[in-house]
Amino acid sequence: MFDQDTLNKLYRYCRSLCDQDNDAFDLLQSSVERCLGSPPDNPGASYAYAMRVIRNKFIDQYRRKQVVAFEPFDEAAHAVDYDIASLEDVVLDRLELEQIWPSLTVIEREILFLWAVEGYSTDEVASQLGKPRNSVLSIIHRMRKRLKERVGKSRVTG
């Protein structure tokens, strides 16, 4: 059902959700077991089905552990330009990414993975996550702002 390339893609998705490699391996294994135990009705949709199973399992496993941090919504602050192309202007090397990755929330890591690594458009990311497009754009905007500040500080102090 899954070839090596597909398993690698699924692992990268699991790794984008989890903080630790071991958690990502466990999530992948339990999700693949679930997919093999009850395969999708349409065999051509096995990758999408596996992604959905992984996401649902992640939410189930970590919902109890995670405290959701809500940020107040300030309409004036969100009336800015949502030019997501400028996120690509923030050049991150491996060390910077290793420092920044743990500071991202789960949803930010998932959006960044789907958008930057897998190449989905913001519309596709919003659809896959079941979120409104504007929410995804807001998350990207806040993430871009934090990353620019953090990268700017590290380059000044570094």
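Residues numbered from 1 in each chain as written. Predicted model: local features only at pLDDT ≥ 70, side-chain atom pairs only at ≥ 80, totals over all residues. Heavy atoms only, no water.

## Here we look at the packing of helix H5 (residues 106–117) against helix H6 (residues 122–129)
Helix-helix packing is described using two parameters, namely the angle between the two axes and the distance between the axes.
Working step 1: Direction vectors running N to C along H5 and H6 enclose 130°, while the axes themselves pass 10 Å from each other. As far as their axial angle goes, H6 and H5 are oblique. Here the hand of the crossing between H5 and H6 comes out right-handed. Contacts between H5 and H6 pair Ile107, Glu110, Ile111, Leu114 and Trp115 from the former with Thr122, Val125, Gln128 and Leu129 from the latter.
Working step 2: Across the contact of H5 with H6, the residue classes tally to six nonpolar, two polar and one charged. (Axes fitted to C-alpha atoms, helices over the stretch in contact; angles between N-to-C directions. Helix = DSSP H or I, 4+ residues; strand = E, 2+ residues; numbered from the N terminus. Parallel < 35°, antiparallel > 145°, perpendicular 65-115°, else oblique. Left-handed = near helix turned anticlockwise from the far one by under 90°. Contact = heavy atoms within 4.5 Å. Nonpolar A, V, L, I, M, F, W, Y, C, P; charged D, E, K, R; others polar.)

## Concerning the packing of helix H1 (residues 4–17) against helix H3 (residues 46–62)
Working step 1: Running from amino to carboxyl end, H1 crosses H3 at an angle of 25°, the nearest separation of the two axes being 11 Å. Regarding the angle of H1 to H3, the classification is roughly parallel. Relative to H3, the crossing made by H1 is right-handed. Seen from H1, the contacting residues are Thr6, Lys9, Leu10, Tyr13, Cys14 and Leu17; seen from H3, they are Tyr47, Ala50, Met51, Ile54, Arg55 and Phe58.
Working step 2: Across the contact of H1 with H3, the residue classes break down as nine nonpolar, one polar and two charged.

## Re the pattern of salt bridges
A pair can form between side chains of opposite charge whenever their charged atoms are brought close.
Working step 1: In the structure shown here, the tally under the stated rule is four salt bridges.
Working step 2: As a salt-bridge pair, arginine 133 and aspartate 123 come within 2.7 Å of each other at their nearest N and O atoms. In this pair, arginine 133 sits in helix H7 (residues 133–157) while aspartate 123 sits in helix H6, placing the two residues 10 residues apart along the sequence.
Working step 3: Accessibility expressed as a relative area gives 40% for arginine 133, which makes it partly exposed.
Working step 4: With a relative accessible area of 44%, aspartate 123 lands in the partly exposed category. (Salt bridge = Lys/Arg side-chain N within 4 Å of Asp/Glu carboxyl O. Buried < 20%, exposed > 50% of the residue type's maximum accessible area, 1.4 Å probe, protein only.)

## Here we look at the state of the cysteines
Working step 1: Scanning the entire structure with this criterion turns up zero disulfides.
Working step 2: With no disulfide of its own, cysteine 14 has cysteine 18 as its nearest cysteine by sulfur position, at a separation of 6.3 Å. (Disulfide = S-S within 2.5 Å.)

## Re H1
Working step 1: Helix length check: H1, at 14 residues, gives a terminal C-alpha distance of 20 Å against a target of 20 Å (1.5 Å per residue), a fit within 8%.
Working step 2: Within the sequence span of H1, burial applies to Thr6, Leu10, Tyr11, Tyr13, Cys14, Ser16 and Leu17.
Working step 3: In the core, the buried residues of H1 are packed alongside helix H2 (21–37), H3 and H5. (Expected span 1.5 Å × (residues − 1).)

## Overview of the packing of aromatic side chains
Working step 1: What the rule picks out here adds up to two aromatic pairs.
Working step 2: With 4.7 Å between their ring centres and 25° between their planes, tyrosine 11 and phenylalanine 25 make a pair best called stacked. A residue pair is termed long-range when its members are at least 10 positions apart, and tyrosine 11 in helix H1 and phenylalanine 25 in helix H2 qualify at 14 residues.
Working step 3: On the basis of an interplanar angle of 45° and a centroid distance of 5.7 Å, the ring pair of tyrosine 13 and phenylalanine 113 is categorised as tilted. With tyrosine 13 in helix H1 and phenylalanine 113 in helix H5, this residue pair connects regions lying 100 residues apart in the sequence. Summarising the burial analysis for this pair, tyrosine 13 and phenylalanine 113 share the class buried.
Working step 4: Directly above the aromatic system of tyrosine 47 lies the positively charged group of lysine 9, at a separation of 5.8 Å from the ring centroid. (Phe/Tyr/Trp six-rings, centres within 6.5 Å; stacked < 30°, edge-to-face > 60°. Lys NZ or Arg CZ within 6 Å of the ring centre and 35° of its normal.)

## Notes on H3
Working step 1: Taking 1.5 Å per residue as the helical rise, H3 with its 17 residues ought to reach 24 Å, and the 24 Å between its terminal C-alpha atoms agrees with that figure.
Working step 2: Looking at H3, one finds that the buried residues are Ser46, Tyr49, Ala50, Met51, Val53, Ile54, Arg55, Phe58 and Tyr62.

Scope: geometric values only; no functional claims are made or implied.
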